[in-house]
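Observations on the three-dimensional arrangement
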Amino acid sequence: MKYKELKERYKHRFSIRMAAGFLCVALAGGSFGAWQLQAGRIAAVHTDIEEEDRAAKAEDTDTRKKLADQLVSVLDADTAQSLDAKEETVYLITDANGKVNQTIVSNWLKNGSANAQILDETELVDIENVKGEETFTQNGRQITWQADGQDIYYRGTTTKEMPVSEQVTYYLDGKEIAPEELGGKSGKVTIRFDYTNHARTVAKIDGRQADIYVPFTVVSGMILNDGFRNVRVNNGRVLSDGNRMIAIGIAMPGLKESLDIDENDFDKDFEFPEYVEVTADVENFSLEMTATAAMAGLLSNSDFSDGLNFRELDQTMDDMSDAMNRLKDGGGELADGLDTLNDSMGGFSDGVSALASGVSAYTDGASKLAEGIHTLNDRSGTLEAGVNTLHDSAKTISDGVQKLDQTLHTKMTEKEQAAVKKQADQAIEAQFQKGTDTYQTIYHAAVQNFEHTMTSESSVQTVQTGIQAGLRAQGLTSEGVVAALAQYYAANGFTDASGQTFTPEACQANVPGTETTYAAFFANAVLNGGLSLALADGITSGIAGQGAASVGEAVTGACKMAAKQAGEAAAVSGAESAKQKIAAAIEAKDAQSGHSLVSGTKALSEGTKQLAESVPALKNGIGQLVSGADELTGNNKALKDGVAKLSDGAVKISDGAGRLGNGAHELSDGLKEFDKKAVKKMLDAYNGDVKELTERIKEIAKAGENYRTFSGAPEGMDATTKFIFRTEGIKEKED
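Analysis parameters
- Residues numbered from 1 in each chain as written.
- Predicted model: local features only at pLDDT ≥ 70, side-chain atom pairs only at ≥ 80, totals over all residues.
- Heavy atoms only, no water.
- Helix = DSSP H or I, 4+ residues; strand = E, 2+ residues; numbered from the N terminus.
- Buried < 20%, exposed > 50% of the residue type's maximum accessible area, 1.4 Å probe, protein only.
- Contact = heavy atoms within 4.5 Å.
- Areas by Shrake-Rupley, 256 points an atom, 1.4 Å probe, with all protein chains shown as cover.
- Pairing = 2+ DSSP bridges.
- Axes fitted to C-alpha atoms, helices over the stretch in contact; angles between N-to-C directions.
- Core = buried A, V, L, I, M, F, W, Y, C linked by side-chain atoms within 4.5 Å.
- Phe/Tyr/Trp six-rings, centres within 6.5 Å; stacked < 30°, edge-to-face > 60°.
- Salt bridge = Lys/Arg side-chain N within 4 Å of Asp/Glu carboxyl O.
- Expected span 1.5 Å × (residues − 1).
- Arc of directions from axis to C-beta.
- Patch = residues over 30% accessible without salt bridge, like charges linked within 9 Å, V, L, I, M, F, W, Y side chains within 5 Å.
- Lys, Arg positive; Asp, Glu negative; His and termini not counted.
- Charge placed at Lys NZ, Arg CZ, Asp CG, Glu CD.
- pLDDT = per-residue confidence, 0-100.
- Polar contact = N/O pair within 3.5 Å; in protein donor to acceptor, adjacent residues only side chain to side chain.

Brief notes about the overall build of the chain
In terms of helices and strands, the chain carries 18 helices and 19 strands. Here the chain holds 735 residues, and 39% of them are scored as buried. Summarising the internal contacts of the chain: among those between residues at least 6 apart in sequence, 77% fall at separations of at least 24. Here the chain displays about 40000 Å² of accessible surface, and carbon together with sulfur accounts for 51% of that area.

Overview of the sheet that holds strand β9 (residues 175–177)
The sheet built from five strands is open, its strands ordered β9-β8-β10-β17-β14 with antiparallel pairing. Of all the strands in the sheet, the pair left with one neighbour each is β9 and β14 (228–234). With direction set aside, neighbouring strand axes in the sheet form an average angle of 25°. Relative to strand β10 (residues 187–197), strand β8 (residues 164–172) is paired through nine bridges, and the arrangement is antiparallel. From the neighbouring strand, Gln167 faces β10, where its bridge partner is Asp194.

Considering the sheet that holds strand β7 (residues 152–157)
The nine strands are arranged β4-β7-β2-β1-β19-β18-β13-β16-β15 in an open sheet whose pairing can be described as mixed. Whereas interior strands pair on both sides, the edge strands pair on one side only; in this sheet they are β4 (125–129) and β15 (236–240). On average, adjacent strands in this sheet sit at an angle of 20° to one another, irrespective of strand direction. Where strand β13 (residues 216–224) lies against strand β16 (residues 245–251), seven bridges are found, and the strand directions are antiparallel. In the sheet register, Val219 faces β16, and the bridge partner there is Ile250.

What to know about unusual backbone geometry
Phi angles above zero are rare outside glycine, and Asp126 is one such case at about 55°. Within the secondary structure layout, Asp126 lies in strand β4. Even without being glycine, Asp148 reaches a positive phi, approximately 55°. Residue Asp148 is classed as exposed on the basis of its relative accessible area of 60%.

What to know about the environment of Ser668
With respect to the helices, strands and loops of the structure, Ser668 is situated in helix α18 (residues 636–706). The spatial distance from the C-alpha of Ser668 to the C-alpha of Glu333 is 8.8 Å, given a sequence separation of 335 residues.

Observations concerning the nonpolar core
Within soluble globular proteins, side chains that are nonpolar tend to cluster in buried spots. Judged by nonpolar contacts, the single largest core of 60 residues is most densely connected at Ile191, Phe285 and Phe723. For Phe285, the contacting residues outside a window of four places in its chain are Leu182, Gly183, Gly184, Lys185, Val189, Ile191, Phe228, Ile730 and Glu732.

Remarks on the packing of aromatic side chains
Scanning the model with the defined rule gives seven aromatic pairs in all. Both rings, one in Phe710 and one in Phe723, keep their centres 5.6 Å apart while their planes meet at 80°; by these two values the pair is edge-to-face. Here Phe710 is found in the loop between α18 and β19 (718–726), whereas its partner Phe723 is found in strand β19, with 13 residues between them in sequence. Across this residue pair, the class does not change: Phe710 and Phe723 are buried.

Description of the pattern of salt bridges
Under the counting rule described, the total for this entry stands at 14 salt bridges. Its salt-bridge partner being Arg155, residue Glu128 comes within 3.0 Å of it at the nearest N-O pair. With Glu128 in strand β4 and Arg155 in strand β7, this pair connects stretches of sequence that are 27 residues apart. Here Asp211 and Arg200 are joined by a salt bridge, their closest N and O atoms 3.7 Å apart. Placement of Asp211 in strand β12 (residues 208–213) and of Arg200 in strand β11 (residues 200–205) is noted, with a sequence separation of eleven residues between them. Taking relative accessible area as the criterion, Asp211 reaches 37% and is therefore assigned partly exposed. Residues participating in the shared-partner salt-bridge network are Glu121, Glu123, Arg141 and Lys160.

Quick look at the pairing of strand β6 (residues 142–146)
In this sheet, β6 lies alongside strand β3 (residues 117–121) in antiparallel orientation, the contact comprising five bridges. Of the residues in β6, the one forming a bridge with Gln117 is Gln146. Taken together, the four bridges between strand β5 (residues 136–139) and β6 define a ladder with antiparallel strand orientation. If you follow Thr137 over to β6, its bridge partner there is Thr144. Hairpin connection from β5 to β6: two residues lie between these consecutive antiparallel strands, with Gly140 at a positive phi of about 70°.

As for the side chain of Glu699
Structurally, Glu699 can be placed in helix α18. Judged by its relative accessible area of 18%, Glu699 is buried. Non-local contacts of Glu699, meaning those with residues more than four positions away in its chain, are made with Ala203, Ile205 and Ile212.

Focus on helix α11 (residues 437–455)
Helix length check: α11 (19 residues) gives 27 Å between terminal C-alpha atoms against 27 Å at 1.5 Å per residue, within 8%. Buried residues of α11: Tyr439, Ile442, Tyr443, Ala446, Val447, Phe450 and Met454, and no others. Buried residues of α11 fall within an arc of 130° about the axis and therefore sit on the same side. Exposed residues lying more than 90 degrees from the buried face of α11 are Asp437, Thr441, Gln448 and His452.

Details of a negative patch on the surface
Residues Asp329, Glu333, Asp336, Asp339 and Asp343 make up a contiguous surface patch of negative charge. As for its position among the elements, Asp343 is in helix α8 (residues 310–378). Of the residues examined, Asp343 reaches a relative accessible area of 67% and is grouped as exposed.

Regarding the confidence of the model for the chain
A low pLDDT means the predicted coordinates there should not be read in detail. Here the chain shows a mean pLDDT of 75. Residues at 70 or above account for 70%. Within the model, the stretch residues 1–60 combines pLDDT values under 50 with 120 contacts to residues more than four positions away or in other chains. Across residues 299–305, where pLDDT falls below 50, the model places 19 contacts with residues more than four positions away in sequence or in other chains.

Focus on a nonpolar patch on the surface
On the surface, a nonpolar cluster with roughly 300 Å² of combined accessible area is contributed by Phe348, Leu355, Leu646 and Ile653. Contributing elements (two or more residues each) for the nonpolar patch: α8 and α18. Tracing the backbone through its elements, the reader meets Leu355 in helix α8.

Structural notes on the side chain of Lys86
Along the chain, Lys86 falls in strand β1 (residues 84–94). At a separation of 3.3 Å, a polar atom in the side chain of Lys86 contacts the main-chain carbonyl oxygen of Glu121.

Digging into the environment of Tyr153
Residue position: Tyr153 is located in strand β7. Tyr153 gets classed as partly exposed once you look at its relative accessible area, which sits at 23%. For the pair formed by Tyr153 and Trp108, sequence separation is 45 residues and the distance between their alpha carbons is 4.7 Å. For Tyr153, the residues in contact, after removing those within four places along its chain, are Asn107, Trp108, Glu128, Asn129, Val130 and Lys131. In this structure the side chain of Tyr153 is engaged in a polar contact, spanning 3.2 Å, whose partner is the side chain of Trp108.

Laid out in structure tokens, this is it:
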């Protein structure tokens, strides 16, 4: 079945494009893609030629050579060669129409291994070494060079037919014109390059003989002077630096014939590049030259010879068939799933309503949260000041407790003991001041006790006994008796019969009797009667009356002195004991926290310090929290609007799900129809002409790989060949 028949059978041309078209486009695109792949090199052609043309502008032959070499660089695939290789360049000098006037073949034998001899094969005649003195011997096609480790550059001539020929045709205002007549003319000029591929081979395709052409890629170019305007190039492009232009085009002669396909089977914009055409508006036409470079084997670099094979394509088609079956199964499952979706749309609508309520509550909460965060931010300064104050206070307390603990463990100095004693003395002195309760109590008790002691019966008897003993000791003399009696009378207020107080003189005057009588009387009265008792009572009473105050004060002073001594000792001992108790109390560890007052206040100080140091970061975090809260609340309206739209859209989704379910069922049916009417037929087409097409592609690639040299090369030598056409220039006629 031919492609036109396929086209008529499948008018939508889907099968052709899917099964066969992509192969043709890939192959043609891979060939024509030399233009795209070498875009950077083509751009470099312009720059390099302009630079080199300035240096050798006077030499026309240099300009021609440089243009040709630059066009060749566009085709170079930069494939790695071995150390020992052959590069062949065939120069064809033609007239302006492309007719060959002279053929020169130049060969470069690369001697990377520094061999003493190089074996080569060639069909050339008139061989000469162009860059050295090395000699050679020849035996038929075989030629042996005495290289001595050097590369060999030689050239020769041949009458062998070129694998590619070129025809250049000129048109002025739509009419063909001879190149010699075109010089100096003005108008719309067209220059067309047609190429013919003569390198044909025969291959067996699907059991039949088929013509396959070596895939030559041809690039033509020319330098245009400032007389050219509105330049257009098909299958190429125009480069310009503002002063001069270069027109470059690319073609693949013979490719369409090798593929044996019709361009009408593809889109109207698709074509195989078989010629190059340059069109421009020209004033006083002249052209220095044109140059064309051609090389074979470009397609082989595209991996078509190894990349396309029936096994892979067969697998691809099998995969396509399996994929189609999965599509059909998936279409059915999709329809079933959408039925389930439709059944669940009621719950979805309820969920959307619940979501709307939740969003409303969320936005209200977010607003309140933002207000609280702003309040927190406003008060963060107060917080910072308070935390710093807290730390200062905690540190002061900790330092005080530490110092107190240290002091409590230090023994009291004499100065400290003296101070404590002084305080105790001052307290006791204050208690023993005259008029105080303590003083009065001790004083009156001493006075009463002294008076009672002195006036007691035993004291009087003791004094009486003393008086008697004294009188006896004095011998009871008159002077002594009178004096004692006068003293007694005066002390006790004795009176005479008339009631007058007895004076000592009266006592003497009234002493009855004589001295002896009186002495006897007095001795009897004193020693044996109540007079001694009365005298004793008077004496003790007098002593008690006169000495009570002195005794009270003395006793009170003695008590004060004793109290001071006891108070001082108690105060020092109490202070030391209190220090120990206080130290034990502040060092005692709490059962739950494990801290004492000392360690606790220190930990509190350190904790408040860390807290104070963390406040700036906290304030910064609060600032970020404020920004986040503002951003959060800033989206409240959009969120509410979105939920409102979601609520409105829920109804539309429900309607759409219903329509989608209907569409899924239609899709499932359509996939089955597509498989029946398209995929299966495409597989039939693949098993028909597409396999033939892939065989042609493989043979084309193989032909490119096999074309190694024009004039010959030994088997196994890495060799490449390029052809360069140089046409004569067209000059303006001289008057």
